[in-house]
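Spelled out, the chains give:
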Amino acid sequence: MTHVFTIAIDGPAGAGKGTLARRLADHYRLNLLDTGLAYRAVAYALLQLGLPLDNVSAAETAARQVDLAKLDRSVLSAHAIGEAASKVAVIPTVRRILVEKQREFAKAPPGAVLDGRDIGTVVCPDADIKLYVTASAEVRAKRRLDEIESIGGTANFDEILADIVRRDERDMGRASSPLKPAADAHLLDTSEMAIEAAFLAAKTIIDDVLAKRNKA
Ligand code: C5P
């Protein structure tokens, strides 16, 4: 049986996981899944229905209806939906439903890069490579602000920073699959790194693992 290769990328909001995941998927010709979009889709469905984000049964139904192949980033990427997603992401049954779909995705050859909060710890604990990508809250807030301004939006740095700190607390403090580095994750702090440098650092880690494996 051919080995399905998995790269798990975890870390807090705005650390640069998404861009890094895309670069790695292109480079190693793997499938790509931004698992945050699935949580965002559940939150978006509840918001559209005018339901509160702690409505467990509606959130479960929305989670069952998520089709990972049809997640629309242009609709789901809004900053406010990220905040809402972190509220539905505390519901254990929602996580269970989405994790199952993500595992199915990861199984398809030739393998995948998945990014999220619990990929190395829960979704793909046997991933070939685990990266934990982080950056200071201030740097992440500045990146988010630049991103919003680059598409013609306006935002306030202090508000974004407060949102990021609140989201970190929710993601790291929840009982079900809290955000934390897997014991065997490689840590990558991108606070003072441009995306190209982060990509090269990740590539060095991955190529090293591949070289050792080919020798064994
Ligand atoms: O990564 P993104 O900002 O799109 O994620 C939105 C929210 O979805 C996160 O703040 C987190 O609460 C939740 N999430 C999660 N597990 C994942 C991916 C995202 O709990 N694997």
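This structure is a prediction, so every number in the text was calculated from the model and none was measured.

**A look at the pattern of salt bridges**
Where side chains of opposite charge bring their charged atoms close, a pairing between them can arise.
Then, number 1: Applying the stated criterion across every chain, the model contains 17 salt bridges.
Then, number 2: A salt bridge links D171 to R117; the nearest nitrogen and oxygen atoms lie 3.1 Å apart. Taken together, the residues span a long stretch of sequence, with D171 in helix α9 (residues 157–173) and R117 in the loop between β3 (111–116) and α7 (119–123) at a distance of 54 residues.
Then, number 3: Overall, the relative accessible area of 15% leaves R117 in the buried class.
Then, number 4: Residues D171 and R174 are paired through a salt bridge, measuring 3.5 Å at the closest nitrogen-oxygen approach.
Then, number 5: When its relative accessible area of 5% is taken as the criterion, D171 is described as buried.
Then, number 6: For R174, a relative accessible area of 7% corresponds to the buried category.

**Structural notes on the site of the ligand**
Then, number 1: Around the ligand lies a shell of 14 residues, among which R40, R95, D118, R167 and D171 are the nearest.
Then, number 2: Between the ligand and T35 there is a distance of 3.0 Å, counted from a nitrogen atom to a side-chain nitrogen or oxygen.
Then, number 3: If the ligand stood free it would expose 450 Å²; the protein chains cover 96% of that surface.
Then, number 4: Considering each element in turn, the shell around the ligand owes the most residues, three residues, to helix α2 (residues 36–49).
Then, number 5: For the shell around the ligand, the class distribution of residues is three nonpolar, four polar and seven charged.

**A short note on the pairing of β3**
Then, number 1: With six of six residues buried, β3 lies mostly within the body of the structure.
Then, number 2: A two-sided burial pattern is seen for β3, the buried positions comprising G111, V113 and D115 on one face and A112, L114 and G116 on the other.
Then, number 3: Of the pairings in the sheet, the one linking strand β1 (residues 5–10) to β3 comprises six bridges and is parallel in character. Residue pairing in the sheet places I9 in a bridge with D115 of β3.
Then, number 4: Direction of pairing for strand β2 (residues 31–34) relative to β3: parallel, over a ladder of four bridges. Bridged to L33 within β3 is L114.

What counts as what
- Residues numbered from 1 in each chain as written.
- Predicted model: local features only at pLDDT ≥ 70, side-chain atom pairs only at ≥ 80, totals over all residues.
- Heavy atoms only, no water.
- Salt bridge = Lys/Arg side-chain N within 4 Å of Asp/Glu carboxyl O.
- Helix = DSSP H or I, 4+ residues; strand = E, 2+ residues; numbered from the N terminus.
- Buried < 20%, exposed > 50% of the residue type's maximum accessible area, 1.4 Å probe, protein only.
- Near = heavy atom within 4 Å.
- Polar contact = N/O pair within 3.5 Å; in protein donor to acceptor, adjacent residues only side chain to side chain.
- Areas by Shrake-Rupley, 256 points an atom, 1.4 Å probe, with all protein chains shown as cover.
- Nonpolar A, V, L, I, M, F, W, Y, C, P; charged D, E, K, R; others polar.
- Pairing = 2+ DSSP bridges.

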